[in-house]
Amino acid sequence: MKKDLGVVSAVFPMPVLMIGTYDKNKNVNVMNAAWGQICDDDKIMIFIGEGKKTWNNIVKSKAFTVSLADAKHITEADYFGIVSGNKINDKFTHTGLTAIPSEHVNAPIIDEFPVCMECELIEIVKLKYTNGIVGKIVNVKADENVLDEKDIIDPKKLNVALFDTFKLGYYTIGEEIAKAFDVGTKLLKDK
Ligand SMILES: Cc1cc2nc3c(=O)[nH]c(=O)nc-3n(C[C@H](O)[C@H](O)[C@H](O)COP(=O)(O)O)c2cc1C
């Protein structure tokens, strides 16, 4: 028997995205964003509240990086979602993480996160409560130790973090249960 729960605006999993930006003085800022998704083939859309340090930085610098948080750095990842660079000047340096400039966009790459997308701002989609920041992915950098033999990012090697919007937990992934665009064909064959 199913229960009616009313409006529950949550799905599982959500990503744990680390948005890296520069302010006008090239100070590094990073924020945690779970409300984000790949769209339109080579773009990523992230929903960021107007006025956050990251929002202000992206509007000015027209660029950002998106790193996938891994389990090893989940404490820093959560901290980036609790503290605002608007209030704490050394938000980033306090973590002891390392930032290097992207060669492709005007934004920092956080060295300790194994996978990083380098993005140019191309559009802001205004919504009622939040805004969609659309970035064109111009390059992706990945540590060699998270790649498989075909240089494809392996989420298990990355030990990527996932966010649960129902109970606010962080998770890692379990076992692969099937191949996508493949296992469903069994039902076609059975017909
Ligand atoms: C797990 C988690 C996910 C979050 N996702 C988002 C998000 O998608 N969009 C957003 O605007 N804020 C999100 N936040 C809150 C921001 O990370 C937080 O407001 C942060 O302090 C903003 O930093 P900044 O002002 O330095 O940019 C999230 C926080 C956590 C802990």
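Each remark here, short or long, concerns the structure printed above.
What comes next is a walk through the structure.

The rules behind these values
- Residues numbered from 1 in each chain as written.
- Predicted model: local features only at pLDDT ≥ 70, side-chain atom pairs only at ≥ 80, totals over all residues.
- Core = buried A, V, L, I, M, F, W, Y, C linked by C-beta atoms within 7 Å.
- Buried ≥ 20, exposed ≤ 12 C-beta atoms within 10 Å, placed from the backbone.
- Contact = placed C-beta atoms within 7 Å.
- Near = placed C-beta within 6 Å.
- Helix = DSSP H or I, 4+ residues; strand = E, 2+ residues; numbered from the N terminus.
- Nonpolar A, V, L, I, M, F, W, Y, C, P; charged D, E, K, R; others polar.
- Pairing = 2+ DSSP bridges.
- Axes fitted to C-alpha atoms, helices over the stretch in contact; angles between N-to-C directions.

### Considering the nonpolar core
Leu 17, Met 18, Ile 19 and Val 30 are the most contacted members of the largest nonpolar core, which has 36 residues in total. Apart from the residues within four sequence positions on either side, Ile 19 is in contact with Val 30, Met 31, Ala 33, Ile 46, Thr 54, Phe 64 and Val 66.

### What about the site of the ligand?
Around the ligand, the structure places 20 residues, and the nearest of them are Trp 35, Thr 54, Gly 81, Ser 84 and Gly 85. Listed by contribution, the elements that provide at least two residues to the shell around the ligand are β3 (28-33), β5 (43-48), α1 (53-61) and α2 (74-82). If one sorts the elements of the shell around the ligand by residue count, β3 sits on top with four residues. Looking at the shell around the ligand residue by residue, the class counts come to eight nonpolar, eight polar and four charged.

### A few points about the sheet that holds strand β11 (residues 161-164)
Hydrogen bonds between backbone groups are what pair the strands of a sheet, and the pairing can be parallel or antiparallel. Spatially, β1-β11-β12 is the arrangement adopted by the three strands of the open sheet, whose pairing is antiparallel. The open sheet is flanked by β1 (14-15) and β12 (169-172), the only strands paired with a single partner. In this sheet, β11 lies alongside β1 in antiparallel orientation, the contact comprising two bridges. Residue pairing for β11: Pro 15 is matched across the bridge by Leu 162.

### Topic: the sheet that holds strand β10 (residues 131-142)
Here seven strands make up an open sheet; going across it, the order is β3-β2-β6-β9-β10-β5-β4 and the pairing antiparallel. The open sheet is flanked by β3 and β4 (36-39), the only strands paired with a single partner. In this sheet, neighbouring strand axes are inclined to one another by 35° on average, regardless of whether the strands run parallel or antiparallel. As paired strands, strand β6 (residues 63-68) and strand β9 (residues 115-126) are joined by five bridges and run antiparallel to one another. Of the residues in β9, the one forming a bridge with Ser 67 is Cys 116. Helix-sheet contacts for α1 involve β2 (17-22), β3, β5, β6, β9 and β10, and the interaxial angle to β2 is about 55°. The strands that α2 touches are β2 and β3; relative to β3, the one it contacts most, it runs at about 95°.

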